[in-house]
Amino acid sequence: MAGIVDFEIRLPDGRARTAEMSRRSGLAEPDILKITHCAEWPALGPGEYAWSLATEAARALLDRTGIGPAAIDRVVYAGSGEWDVPFWSPAAKVAAELGVTGAHCFEVTNFCNASALAYRVGMREIDAGAARHVLVLLGDRLSQLVDYADPDSRHLFNFGDAPAAVLLGADGERFGYRHGELLTDPSWSDYYQGELDDFQVLMRRRGRRPGLSDAYLTNYLAVLSATLERLGVGLGDVRFLLVNHSDRNVHQRLLDALALPAERSVFNYHRYGHMGGADTLLALDDLLAADRLAKGDLVLLASSGMGFSWGVTALEFRG
């Protein structure tokens, strides 16, 4: 079973802090904490770039797995499309830094759901025999897209950064790839849009519209149902459901709707903000560190992204 050989995460040295957000927005810090659930978390600081941290993660990953640059056939950079530098290929830049010269390098954009899309694209390349190894890089710079001086952007104040590298391969995998399910609700396509402000792209909500949290729940349940049906298993066969950290209330509502206890998920809101596509990798890393996974366990990674799209990646722990 092809799948994830291994992965590596790099946290920046910078920090996002609710005290600073309160000062700039005029909002009371306790009100901000109702959204963020912690007072500070990793975010890109001055002189830090997502692509360079993703490169560090990838270099450590390849060194640990013993996979050389010549064995990489695809380099995929996944995220929002708002890269560190406009109009360039961060995938190609990282490949150059790693000495990967024989690969096709490209980007996939589906915001914080791009990780699920990149895994599926990479696995299809491997399953088709077109690639031996695919290097997936997660390199968003979410914290730098938020205007802390705008009180209406407070629901984005929890954004953080966690560049990562994930190596997909046809053998030697740590997690077998069972399935990837993706779904978009286009009715929310323009609820958030980027705006250029003094040469910086900032995210803005376009008006107010109720129902987004319900849409999250509905679409998460839909992609989960489709995944279980495709795999021919029930919810009782799932050992862990890991959910991205865009909204703690949505996370809890999803578990409640499925009648899943909190012990079958991971809540990292006391340590991290919403770390983009790396949320579920951070949770998976916690499970590995705590030795909570047994061979054969089925783990579902549930992700979502602006636009709005939802995804579920089904993995089987191989040990």
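Below is a summary of the structure that appears in this document. (Residues numbered from 1 in each chain as written. Predicted model: local features only at pLDDT ≥ 70, side-chain atom pairs only at ≥ 80, totals over all residues. Heavy atoms only, no water.)

Re the sheet that holds strand β13 (residues 309-317)
What counts here: Should DSSP find at least two bridges between two strands, the strands are regarded as paired. Only DSSP runs of H or I covering at least 4 residues are called helices, and only runs of E covering at least 2 are called strands; the numbering of each starts at the N terminus. Here an angle of 0 to 180 degrees is reported between the N-to-C directions of two axes, which are lines fitted to C-alpha atoms, with helices fitted over the stretch in contact.
Read from one edge to the other, the open sheet built from nine strands follows the order β5-β4-β6-β7-β1-β8-β13-β12-β11, with strand pairing classed as mixed. This sheet does not close on itself; its edge strands, each paired only once, are β5 (104-109) and β11 (238-243). Across this sheet, the average inter-strand angle for adjacent strands is 25°, counted without regard to direction.

Some points on the pairing of strand β1 (residues 3-9)
Operational definition: Classification of residues uses two cut-offs on accessible area relative to the type maximum, computed with a 1.4 Å probe and protein chains only: under 20% is buried, over 50% is exposed, and between them is partly exposed.
In terms of burial, β1 is largely enclosed, as seven of its seven residues are buried. Across two bridges, β1 lies against strand β8 (residues 175-184) in antiparallel orientation. Residue pairing in the sheet places G3 in a bridge with G176 of β8.

Notes on the pairing of β5
Remember that side chains alternate between the two faces of the sheet whenever the strand is regular. Just so we agree on the cut-off: Every crossover in which the path from the first strand over the helix to the second runs clockwise, viewed with the strands pointing away from the viewer, is termed right-handed.
When strand β4 (residues 72-79) meets β5, the two strands line up parallel, connected through six bridges. Of the residues in β5, the one forming a bridge with R74 is H104. In this region the chain leaves β4, passes through helix α4 (residues 90-98) and returns to the parallel neighbour β5; the handedness of that crossover is right-handed.

A short note on the state of the cysteines
Selection rule: When two cysteine sulfur atoms lie within 2.5 Å, the pair is treated as a disulfide.
Enumeration over the complete set of coordinates arrives at zero disulfides. Here C38 is not cross-linked by a disulfide; its sulfur's nearest cysteine counterpart is in C112, at 16 Å.

Quick notes on the environment of R253
Turning to its location among the elements, R253 is positioned in helix α7 (residues 248-258). R253 gets classed as partly exposed once you look at its relative accessible area, which sits at 32%. Residues R253 and T55, 198 residues apart in the sequence, show an inter-C-alpha distance of 36 Å.

A short note on α4
Stated precisely, the cut-off is as follows: The arc in question is traced by the directions running from the helix axis to the C-beta atoms. Working rule for contacts: check all heavy atoms of both residues, and any pair within 4.5 Å makes them a contact.
Taken as a whole, α4 has its buried residues at P90, A91, V94, A95 and L98. Take α4 and look down its axis: the buried residues cluster within an arc of 140°, on one side only. Residues of α4 that are buried sit in contact with α3 (50-65), β4, β5 and β6 (133-138).

Section: the environment of A222
Positionally, A222 belongs in helix α6 (residues 212-231). On the accessibility criterion, A222 (33% relative accessible area) is partly exposed. Sequence separation between A222 and E181 is 41 residues, and the spatial gap between their C-alpha atoms is 9.7 Å.

Observations concerning the packing of α6 against α7
Which entries qualify depends on this criterion: Working definition: roughly parallel below 35 degrees, roughly antiparallel above 145 degrees, roughly perpendicular at 65 to 115 degrees, and oblique for all remaining angles. Here a crossing is called left-handed whenever its near helix is offset anticlockwise from the far helix by less than a right angle, and right-handed whenever the offset is clockwise. Under the grouping applied here, Gly and all other residues not named as nonpolar or charged are polar, the nonpolar ones being Ala, Val, Leu, Ile, Met, Phe, Trp, Tyr, Cys and Pro and the charged ones Asp, Glu, Lys and Arg.
Look at α6 against α7: their axes get within 10 Å of each other, and the N-to-C directions meet at 50°. As summarised for this structure, α6 and α7 are arranged oblique, according to the angle between their axes. Considering only the axes of α6 and α7, their crossing is right-handed. Taken together, the residues of α7 that come into contact with α6 (itself represented by S213, D214, Y216, L217, Y220, L221 and L224) are V250, R253, L254, A257 and L258. Its residues assigned to classes, the contact of α6 with α7 comprises nine nonpolar, one polar and two charged.

Description of the pattern of salt bridges
The condition is simple: When a carboxyl oxygen of Asp or Glu lies within 4 Å of a side-chain nitrogen of Lys or Arg, that pair is called a salt bridge.
What the rule picks out here adds up to 25 salt bridges. With a closest N to O distance of 3.2 Å, D6 and R174 form a salt bridge. A residue pair is termed long-range when its members are at least 10 positions apart, and D6 in strand β1 and R174 in the loop between β7 (164-169) and β8 qualify at 168 residues. Measuring nitrogen to oxygen at the nearest pair gives 2.7 Å for the salt bridge that ties R205 to D152. Of this pair, R205 sits in strand β10 (residues 200-205) while D152 sits in the loop between β6 and β7, and the two are 53 residues apart along the sequence. For R205, a relative accessible area of 14% corresponds to the buried category.

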